[in-house]
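Topology and contacts: notes
Next come the chains, spelled out residue by residue.
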Amino acid sequence: MGRAWPFTGRQDELRSIEIAIRTNAGHGILLAGPAGVGKTRLAREAVALAQQQGATTRWIAGTASSRGLALGAFAGLLGVLRGDPTGLVTEAVQAFLSAASNGQVILGVDDAHLLDDMSALLVHQLVVQGAVVAVATMRTGEAVPDLVTRLWQEGHIERFEVGPLGQQETGSLLEAVLGGPVERTTVGRVWEFTRGNLLYLRHFVAGEVEARRLQSVRGIWRWSGEALISPGLTDLVTIRMGELTEPERLVVDVLALAEPLDVRLLAGLTDPSAIERTEESGLIRVEDVGRRLEARLAHPLFGEVRRARMGTLRARRLRGRVSQALADAGYRQPDDILRRAVLAVDSDLEPDRRLLIEAGRRAGQLCDLPMAVRLGRAAQAAGGGFEASMIVLGAFNGLSRPTGADFAVLTAAAGTDAELVRATMARAIDLAWMASRPAEAEAILDAADDQITGSDGSRQLMALRALFDGQLARPARAIEAAATALDSPLLPDESVLLATTGYVIGLATVGRADELATLVTQGAAAAGRAAQYAFLRFPLITAQLLGLRLAGYLRKAADVAHDCWESARGLELPTAIASVLMGDVLLAQGRPVSALRWLREAYAGFEPFDGAGGFEHVCLIPLVRALALTGELTAATEASAKLLAREHPMIQCLRPDLLLSQAWLAAAQGVSSEAIALAREAASVAAATGQCAHEVLALHTATCLGDRSGVERLTALSQQVDGPRAQAAAAHAIALASDNGDALQSASDMLERMGDPLAAADAAAQATIAYRRAQQRGAAYQAEARVRRLIQTCEGVGTPATRATVRPLPLTGREREIGALAAQGMSNREIAHRLVVSVRTVENHLYRINTKLGISSRAGLVEVLGSHCAEGTTPNGAGKHAGGRTIAARDASD
């Protein structure tokens, strides 16, 4: 990381400076801002740009060491200085005026606040007399020579305020420096940590990369864990903070451990006059929050430095004092209890079992599962019994597979039937999702159901069965079990959440999307109150989005996905889940390039979680399709292999989607017959399990790929499946089967209104072909124009139908398949095996292809057919088959 950083994120400021220099000759600009924001780099870039445009340039810098020397800043330009400094100023002005007669002279003045008086006088005279255009920098909050101040106060130079980089600019700079995409959550965290200060950012990135906490994971740069700031960055921040008295240090230390704090509470822990001094010196800031004043550190790095340098005993004592002060002041809301416990667990206070249990439950409700585990463990050590163990196991259910010892502790602590039911449910969830052993999990539920005597326990088990049935593609059973469980007004919130999630999966897949809203609201409310399984609100939202996507309510799906993303901020695993949902919705909306970025970030985010209970599998399904559509065939093939090798048994409800991802990969490879067969297989799987909404999407996918056999079934499904997709799919199938260009255009319009421009483009492409066959040239041109417009809406990505329409070749469907595979480098024998034909058949087809296209070699075939495969269809040309990026970047971090 020692190489020069690129100049990124300041282009707008540089253009403004260039205009100011060009239109204010004889004057100049002053770049003012706090230390480390990049003033000097901006000034140097401006001076270098002026030099490139023919100006004469000079550069001086004020320093603390040269400030005591007359004209010390100019020593490098004026040489050895002898005689009266005033006379030297006059001579220097004349020399610059003489140089200016030959063209513009740009004088860079770095750290003008450190200029000695004579240097300030010379700069003033040079600017006022028009000898130079000055590009000066100045640190705000520092004493500045009067003559420098007068330059901008009297209008001789224009003052520009240079602030820290914003979050977006920080992200662009990080990607330029690291040489690859950076996870958006990482960008946000790094920006919050450095607040866009370039000096801090550079030291931070160097230290975190060296420590391998900031590294490339599956092709995405991620920052994991907590920062341990480097000695160099610590020194920079310490200098900025300055010398602190003990009362001032106490103020900073208390806030470093427990910010933000009510000013009145802080005043009770520290010296009020020290609070005022630290505010005046810029170490803390005080804000109005409701009816109180709240104090926090002015920069996050101040807290990092003080926590790093604070002794263990001092830190424990201060945390205990703050926790006790919060309790004494009556802070008893759920979030206050969590805050008190987090402080107390690492303090010198005696463990409070009740506080730790309440706080652990609250952490679970907020889906902060690592914190829930930590507080639950502390409660266990303090004798918290079953409830403490349940907090730990419930959190582990959402994070990773618990150990057998955890379950042994939980079972031993269960003293009632109700507690035994809860322990059994935790064990069953672990077996089903973490251990991928659903049959054993269901057997445990059956055994427990035989042992318990009350109906309340049976209904809780039935709620979990509903979720199992939904996930295992038994939608009718899921709906029945969930409805029975939810009939009980005494059903605990955790069980309400389990039942509604299973219910929503069932309704979503059978095609009853119009009934989802009430159930989702009920489940979300239960999640807000539940302690153990609140994290299941994300599977609940996933199920809701599945229903909305299958039904064709894509704009509503986009709103739900965005809200989920916002609610997951700051939570590592939920953020990865929300990223999948964002990518999945964007893919459904025909924006595969944007979707691919979200899905790659999600896939990288799941890496620490050992499959994340099946969510990594869920992520790979749309990832394969996005990679295939954007032409990254090598990466798509690798992702597909991972998907098929690790198919999660608890995600059977998504098996039709999995088969459709394989269909799109086959289509991208040019094998349309195989793609259609896979889409129809997906429809058969869906029909066999009663998942009518999945069946609609599968049959419509086959229609988009050119299949004409789905009319009867889609017509029937359009009468029983909620949402616009079924109606549009049936209309599309009928129009294609009748080769009716007008009807295909109408279907394209329906699909575009629904929010699926990629399917709309397919229908318009098929309309174009129908019009050409009917020799309706004008209508064909109009339909083709529609295809081109829709492709642009889809971020430049095409499909087999659109590519064949916009750039048609005189080939049959089979010839196109064989030619595409040959263009990808497959041998005749490999092609024959893939398509289940003889080698002689392949040879005959290749002969006809070469004759029709006028080519005589494989190289010529690649040149002609390469652009007709999925490769290279994205705007940035990122999809070449042989050299495409892979989903798992080949670097040492993997």
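Preceding this section is the structure that the text describes.
Anyway, here's the lowdown on the structure attached to this text. All values reported here derive from a predicted model rather than from experimental measurement.

Let's talk about the environment of Arg218
- Relative to the helices and strands, Arg218 is located in the loop between β6 (214–217) and β7 (220–223).
- Distance in space between the C-alpha atoms of Arg218 and Tyr603 is 7.5 Å, their sequence separation being 385 residues.
- Reaching out from Arg218, the side chain makes a polar contact with the side chain of Glu616 at a distance of 3.0 Å.

Focus on the layout of surface pockets
- Space inside the second largest pocket adds up to approximately 1100 Å³.
- Lining the second largest pocket are 39 residues; nearest its centre among them are Ala35, Gly36, Val37, Asn197 and Leu199.
- Broken down by secondary-structure element, the contributors of at least two residues to the lining of the second largest pocket are α2 (39–52), α9 (198–210), α10 (231–241) and β9 (284–289).
- Residue composition of the lining of the second largest pocket, grouped by class: 17 nonpolar, 11 polar and 11 charged.

Brief notes about the sheet that holds strand β1 (residues 28–33)
- The strand order across the open sheet built from five strands is β2-β3-β4-β1-β5, with neighbouring strands paired in parallel fashion. The open sheet is flanked by β2 (56–61) and β5 (158–161), the only strands paired with a single partner. The mean angle between the axes of side-by-side strands here comes to 15 degrees, regardless of whether they run parallel or antiparallel.
- The pairing of β1 with β5 spans four bridges and is classified as parallel. Directly across from Leu30, in β5, lies its bridge partner Arg159.

Focus: the pattern of salt bridges
- Evaluation of the coordinates by the stated rule reveals 60 salt bridges.
- Among the salt bridges present, the one from Arg309 reaches Asp235, with a minimum N-O distance of 3.8 Å. Here Arg309 is found in helix α14 (residues 300–309), whereas its partner Asp235 is found in helix α10, with 74 residues between them in sequence.
- A salt bridge links Glu387 to Arg361; the nearest nitrogen and oxygen atoms lie 2.9 Å apart. Here Glu387, found in helix α19 (residues 385–399), pairs with Arg361, found in helix α17 (residues 353–365); they are 26 residues apart in sequence, far enough to count as distant.
- Taken together, the salt bridges that share partners define one network made up of Glu246, Arg249, Asp253, Arg306 and Arg314.

Observations regarding the environment of Thr500
- Along the polypeptide, Thr500 turns up in helix α25 (residues 493–510).
- Residues in contact with Thr500, not counting those within four places in the same chain, are Leu486, Leu519, Gln522, Gly523 and Leu540.
- Within polar-contact distance, the side chain of Thr500 engages the backbone oxygen of Val496 at 2.9 Å.

Some words on the packing of helix α7 (residues 167–178) against helix α8 (residues 184–194)
- Packing of α7 against α8 brings their axes to within 9 Å, and their N-to-C directions diverge by 110 degrees. It follows from the interaxial angle that α7 and α8 lie roughly perpendicular. Remark: the crossing between α7 and α8 carries right-handed chirality. Residues Gln167, Thr170, Gly171 and Leu174 of α7 touch α8, and the partners they reach there are Val187, Gly188, Val190 and Trp191.
- In the contact of α7 with α8, the residues fall into four nonpolar, four polar and no charged.

Examining the pairing of strand β3 (residues 105–110)
- Within β3, six of the six residues are buried, which leaves it mostly tucked inside the rest of the structure.
- Here β3 shows a buried face lined by Val105, Leu107 and Val109 and a second buried face lined by Ile106, Gly108 and Asp110.
- Inspection of the sheet shows β2 paired to β3 by six bridges, in the parallel sense. Note on β3: the bridge partner recorded for Trp59 is Gly108.
- Both β3 and strand β4 (residues 133–139) contribute to a ladder of four bridges, which runs parallel. For Gly108, the partnering residue across the bridge sits in β4 and is Val135.
- This β-α-β element, β3 to helix α5 (residues 117–128) to β4, shows right-handed connectivity.

As for the environment of Ala578
- By secondary structure assignment, the location of Ala578 is in helix α29 (residues 572–588).
- The spacing of Ala578 and Cys564 is 14 residues in sequence and 6.0 Å in space, taken between C-alpha atoms.
- Not counting chain neighbours up to four residues away, the residues in contact with Ala578 comprise Cys564, Trp565 and Ala568.

Structural notes on the nonpolar core
- In terms of nonpolar packing, the biggest core is built from 163 residues, with Leu464, Phe468, Leu545 and Phe606 touching the most fellow members.
- Top contributing element to this core by residue count: helix α31 (residues 615–629), with 11 residues.
- Excluding residues within four positions of it along the chain, Leu464 makes contact with Met425, Ala428, Ile429, Leu445 and Leu498.

Some thoughts on unusual backbone geometry
- For the peptide bond that leads from Glu259 to Pro260, omega is -5 degrees, which places it in the cis range.
- With respect to the helices, strands and loops of the structure, Pro260 is situated in the loop between α11 (246–258) and β8 (261–262).
- The backbone of Cys367 shows a phi angle near 65 degrees, a positive value even though the residue is not glycine.
- Structurally, Cys367 is set in the loop between α17 and α18 (369–381).
- Taking relative accessible area as the criterion, Cys367 reaches 3% and is therefore assigned buried.
- One non-glycine residue, Ala473, lies in positive phi territory at about 60 degrees.

Digging into the packing of aromatic side chains
- Taken as a whole, this structure holds seven aromatic pairs when the rule is applied.
- The interplanar angle of 75 degrees and the centroid separation of 5.6 Å between the aromatic rings of Phe193 and Trp223 together place this pair among those described as edge-to-face. One end of the pair, Phe193, is in helix α8; the other, Trp223, is in strand β7, and 30 residues separate them in sequence.
- By relative accessible area, which is 4% here, Trp223 ends up buried.
- Ring geometry for Trp565 and Trp598: centres 4.9 Å apart, planes at 85 degrees, overall edge-to-face. Here Trp565, found in helix α28 (residues 554–567), pairs with Trp598, found in helix α30 (residues 592–605); they are 33 residues apart in sequence, far enough to count as distant.
- By relative accessible area, Trp565 is classed as buried at 7%.
- Assessed through its relative accessible area of 9%, Trp598 is described here as buried.
- Members of the aromatic cluster, each reached through a chain of ring pairs, are Phe193, Phe204 and Trp223.
- The ring of Tyr603 is capped by Arg218, whose NZ or CZ atom sits 4.0 Å from the centre of that ring.

A closer look at the side chain of Glu815
- Following the sequence through the fold, Glu815 ends up in helix α42 (residues 813–823).
- Take Glu815: its relative accessible area is 3%, and that puts it in the buried class.
- With residues near it in sequence (within four places) discarded, Glu815 still touches Pro810, His845, Arg848, Ile849 and Lys852.

Things to note about the packing of α11 against α14
- It is at 9 Å that the axes of α11 and α14 come closest, and there the two elements cross at 100 degrees. Comparing the axis directions of α11 and α14 gives the class roughly perpendicular. The segment α11 lies against α14, with Arg249, Val252, Asp253, Ala256 and Leu257 engaging Gly303, Arg306 and Arg307.
- Grouping the constituent residues of the contact of α11 with α14 by class yields three nonpolar, one polar and four charged.

How each quantity is defined
- Residues numbered from 1 in each chain as written.
- Predicted model: local features only at pLDDT ≥ 70, side-chain atom pairs only at ≥ 80, totals over all residues.
- Heavy atoms only, no water.
- Helix = DSSP H or I, 4+ residues; strand = E, 2+ residues; numbered from the N terminus.
- Polar contact = N/O pair within 3.5 Å; in protein donor to acceptor, adjacent residues only side chain to side chain.
- 1 Å grid on protein atoms, 1.4 Å probe; cavity = no way out; pocket = protein on both sides within 12 Å on 5 of 7 lines; lining within 4 Å.
- Points joined across faces, edges and corners; volume = space filled by probe spheres on them.
- Nonpolar A, V, L, I, M, F, W, Y, C, P; charged D, E, K, R; others polar.
- Pairing = 2+ DSSP bridges.
- Axes fitted to C-alpha atoms, helices over the stretch in contact; angles between N-to-C directions.
- Salt bridge = Lys/Arg side-chain N within 4 Å of Asp/Glu carboxyl O.
- Contact = heavy atoms within 4.5 Å.
- Parallel < 35°, antiparallel > 145°, perpendicular 65-115°, else oblique.
- Left-handed = near helix turned anticlockwise from the far one by under 90°.
- Buried < 20%, exposed > 50% of the residue type's maximum accessible area, 1.4 Å probe, protein only.
- Right-handed = clockwise from strand over helix to strand, strands pointing away.
- Core = buried A, V, L, I, M, F, W, Y, C linked by side-chain atoms within 4.5 Å.
- Phe/Tyr/Trp six-rings, centres within 6.5 Å; stacked < 30°, edge-to-face > 60°.
- Lys NZ or Arg CZ within 6 Å of the ring centre and 35° of its normal.

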